[in-house]
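Inside the fold
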Amino acid sequence: MQNKGLIKIFAVLFGLVCIYQLSFTFIASGVESDAEAFAKQKIGTNVEGYSVLRDVEEASYLDSIGNNEIVAGITYNTAKDKELNKGLDLKGGINVILQISVKDILKGLANNSSDPAFNKALAEADAAQKDSQENYLDLFYEAFEKNEGAKLASPDIFANKTLSDQVNFEMTNDVVKPIIREKVSESITSAFEVLRKRIDKFGVAQPNIQRLGNSGRILVELPGAKDISRVKKLLQSTAQLEFWYVHKNTDFGNFLINANNTLAEMVKKEDKSAEKKDTLSASEEDEEIEALLASTEDSSEVQTANNPLLDLMVSPGFQGSPVLASFSSKDTAQVREYLNKSQVRSLLPADLRFTEFVWGVSKENVSDLYALKGDREMLPALTGDVITDATQTYDQVGRVAVSMQMDGKGAKIWEEMTGRAYTEKSNIAIVLDNVVYSAPTVSTGPISGGRSEISGEFSIAEGQDLANVLRAGKLPASADIIQSEIVGPSLGQEAISSGLNSFLIALAIVLLWMIFYYGKAGLFADVALVVNIIFIFGILAGLGAVLTLPGIAGIVLTIGMSVDANVLIFERIKEELAKGKSQKDAIKDGFNNALSSILDANITTGLTGLILLILGTGPIKGFATTLLIGIATSLFTAIFITRLFIDGYGKNGKFLAFSTSITKNLFANMNIDFLSKRKIAYTISGIFILVSIGSFFTNGLNEGVDFIGGRTYTVRFADDVNASEVEKDLIATFESAEAKTYGPNNQLKITTKYKVEDDGEAVDTEIQRMMYDALQPHLPTDISFDDFTVGSNEREIGIMKSMKVGPTIADDIKNDSFWAVLGSLIVVFLYILLRFRKWQYSLGAVAAVFHDVLIVLGIFSLAYNIMPFSMEINQAFIAAILTVIGYSLNDTVVVFDRIREYANEHTTWQRSKIINSALNSTLGRTVNTSLTTILVLLAIFIFGGESLRGFMFAMIIGIIVGTYSSLFIATPVMFDSANKKAIRDNKKKEEVVA
């Protein structure tokens, strides 16, 4: 090997750099352990709310020593910035994908146009987006073009005052489209910047926020975030701040009473209409009686009184107050529906007909009703665009408040508003995101200088968040959470423990196996393997990559696969020694001959990893990152580091055995006639494939929520529970629900599609509340709803993890997964075609891959109802399938490479002899590598945690089937489709070219 000295220097320097990068992680971890110990010592478990208080103490401790030097000028703060980031599944926290509403942006650009063609196109785009992979804007354009003669440059749509400098009446639709597309893109960029500013102020270490293509979707990852409700409010609040004049309740006189009477009359008319139905047949009448009895089982919830509106009222507003009345928060939607009925709105006098009814902040589950003074355009007197600064303060009675400063224009309008309110002795409502936070009177005259204040029942954290949101500015459109994953901190800690255990056990298996099989040479390979692991973790830390549980699985898998390169080299060296070559020449030729197979095998695996990296999200991207880094470092350590040790050992004439007494003649002189068994293999594989396809049509596949949409929760109980009994209770509540044991018998995975298309914190809370109520018979009596929610319970009972995927993004994920698998097959087909220059090789390889994928899918279809672990078809499964594809091709390429080599060396041999000899010569490597990898995967399967079990099972089955297919499917298919010339290179042509 040339340039040994240079390689040594590079390896040592690179190793030192990796250790330096990892040192920050150890330093930060050590300080955080000290902070945790300090907090536990200061706050005992007997203190109420000790968990929250400990978090405060930890944060205070870390802030106090953050800039103190620890070693060599490194402080905790600098170490924290450079440490190896832990992902959501290892640290707990929240991961969401936000959809910025392009519909809202378009409506804003069109000044909320009432144009029929415009609104019809929006409605059609809404419907089409559920089943389409096109972005919303293209769907809108497509729907708008269906309206003959409709113009985007209409004065009622985009040729308005707001866009007058860019859109004029004479423009065609094709000219207007790119202008609107650019405006939409600018709005999404603005939303991204607003969210980034909010997150920066939130105080979470190592947040991640990124745009996902041009879809208007934004990924936000906040590892370590514990107050999930607070995070969701921070992300979804549009921060649409408005200042409105507000009516006093005296302006409405007996409006609510009259509205109630009108609603009561409407109910009576509906009842009379129902009584006029045709007489039913006897059987139909019996069925209806049964239905009525079933519907009135819980009669306490049926509204039977004659006062539809007043019976919902908790209390009327005080005389002269801006509060019309107070209602229970759960009834606000019903009250709003009543008040918006045309028959009720018609009761308002002419001067009040543009009134807008809005709710105040809910206090103790009671919300106040306000009436804002509106006009035909329903625009507020002042908006939050004028706010230049906002800070969390305290009002005159010591309550948490938010003080705001306006710019010059805003200050002038604010002075006019407060002056008018003072003169008229009226109120000004401060409205944020269509909720009244306060409606104070102005008792001291006009307020100059542009100072204003929002007060309410805020906690300090809520006040700080509101101030940060207002400083960052409003979102240009609503941001809905269409996909979310929330992991409690205790589950994250368990994942770290299980991931570390699986890593150490898998590493021990590989190290011992290499020594057992290859003796001292295996020990050298082990040293190279340890160096490889240091390289992988050092590169991850240096790149600022995020380590996830699938990422750990990727590293462990890399350990198993890195053995393959050493096995290939050692097996080739043994072959050269068997030919009678000297040890020096055998080592040299062994490395050279193995290089082609090593490169081909790793490139095919790397291509599938690259596809995962491009199309994957979250943990799957982490898996792909570590896999690709591992492939690169494994190649370097196997080819160069192992070679350095072997050459160094043998330079003084020492003999190095590449086997032990047990393994010396293992797989030697093998002479199996593989090709004669191909018809039996075709038959067996055909039966398996037919059974798999039959199962697809009968059992189907257990698709996860990221493919079909829905919400899933990992719920832990104090004692073991029966999944079937829990499922019955949940179905009674949600109508559609599934509960399966997930890991230990006291933990369930609960899935429901209830209100899957509804977004917002209120819906998420409603579903969790319903689940809490349904699970009451199975929970300890002292567990409150707050304790039940994610990450809030030190007793580790309740929701440990939750995930939500909207139907639109689920459809996109499924579509992307399909293209990922298909794309990988095409890329690999082309690579093998390029590498071997014969389509027969590509055909054999792709046939084997299709065979492997169909059988793995078939096993998952047949067994998902009986296996004691989750066998969902989800993104993780697709990652497993792509890895299986890469691994299967790895095996196949090694065999094909040897076939080509034998064909060029033994030109007089029959095709069958060439292929059988090649298969026999690689059998030791095939079995050795597959066995090692399977042992590694088994370690992760058993010790790596429940979330990885289905993922690992798919890979174990895939490796077994892939090993079989490389011997009995890929090669026979290539043999049956090729002739002798097609399996060897034209060496004369190569020599002429050379």
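Here's what I pulled together on the structure shown here. (Residues numbered from 1 in each chain as written. Predicted model: local features only at pLDDT ≥ 70, side-chain atom pairs only at ≥ 80, totals over all residues. Heavy atoms only, no water.)

Here the focus is the pattern of salt bridges. Tallied over the full model, the rule gives 22 salt bridges. Close ionic contact of E901 with R572 constitutes a salt bridge, the shortest N to O distance being 2.9 Å. In this pair, E901 is assigned in helix α28 (residues 875-905) and R572 in helix α18 (residues 549-578), connecting sequence segments 329 residues apart. One salt-bridge network, in which partners are shared between bridges, spans R572, E575, R898 and E901. (Salt bridge = Lys/Arg side-chain N within 4 Å of Asp/Glu carboxyl O. Helix = DSSP H or I, 4+ residues; strand = E, 2+ residues; numbered from the N terminus.)

It is worth spelling out a nonpolar patch on the surface at this point. On the surface, a cluster of nonpolar side chains totalling about 490 Å² of accessible area is made up of I9, V12, L13, L16 and I19. Relative to the elements of secondary structure, L16 occurs in helix α1 (residues 4-42). (Patch = residues over 30% accessible without salt bridge, like charges linked within 9 Å, V, L, I, M, F, W, Y side chains within 5 Å. Areas by Shrake-Rupley, 256 points an atom, 1.4 Å probe, with all protein chains shown as cover.)

As a further point, take the packing of aromatic side chains. Scanning the model with the defined rule gives 32 aromatic pairs in all. Between Y518 and F570, the ring centres sit 5.1 Å apart and the planes meet at 70 degrees, which makes this aromatic pair edge-to-face. In this pair, Y518 is assigned in helix α16 (residues 489-518) and F570 in helix α18, connecting sequence segments 52 residues apart. A relative accessible area of 0% places F570 in the buried class. Taken together, a centroid distance of 5.9 Å and an interplanar angle of 45 degrees make the contact between F860 and F953 tilted. (Phe/Tyr/Trp six-rings, centres within 6.5 Å; stacked < 30°, edge-to-face > 60°. Buried < 20%, exposed > 50% of the residue type's maximum accessible area, 1.4 Å probe, protein only.)

Below, the discussion takes up the sheet that holds strand β13 (residues 387-394). Spatial strand order, β13-β14-β17: 3 strands in an open sheet with antiparallel pairing. The open sheet has two edge strands with one neighbour each: β13 and β17 (451-455). For this sheet, the mean inter-axis angle between neighbouring strands, taken without regard to orientation, is 25 degrees. In the sheet, strand β14 (residues 400-406) pairs with β17 via 5 bridges, with the strands oriented antiparallel. Bridging from a neighbouring strand, Q405 pairs with R451 of β17. Across the sheet, helix α14 (residues 408-424) lies against β14 and β17, angled at about 115 degrees from β14, the strand it touches most. (Pairing = 2+ DSSP bridges. Axes fitted to C-alpha atoms, helices over the stretch in contact; angles between N-to-C directions. Contact = heavy atoms within 4.5 Å.)

With 12 residues, helix α23 (residues 723-734) should reach 16 Å at 1.5 Å per residue; the first-to-last C-alpha distance of 16 Å fits that figure. Every buried residue of α23 is listed here: A723, V726, L730 and F734. For α23, the buried positions fall inside an angular range of 65 degrees around the axis, keeping them on one side. Seen from the buried face of α23, the exposed residues on the opposite side, beyond 90 degrees, are K728 and A732. Capping the start of α23 is the job of one residue whose side-chain oxygen sits 2.9 Å from the backbone nitrogen of S724: N722. One or two residues past the end of α23 sits E735, with phi positive at roughly 70 degrees. (Expected span 1.5 Å × (residues − 1). Arc of directions from axis to C-beta. Polar contact = N/O pair within 3.5 Å; in protein donor to acceptor, adjacent residues only side chain to side chain.)

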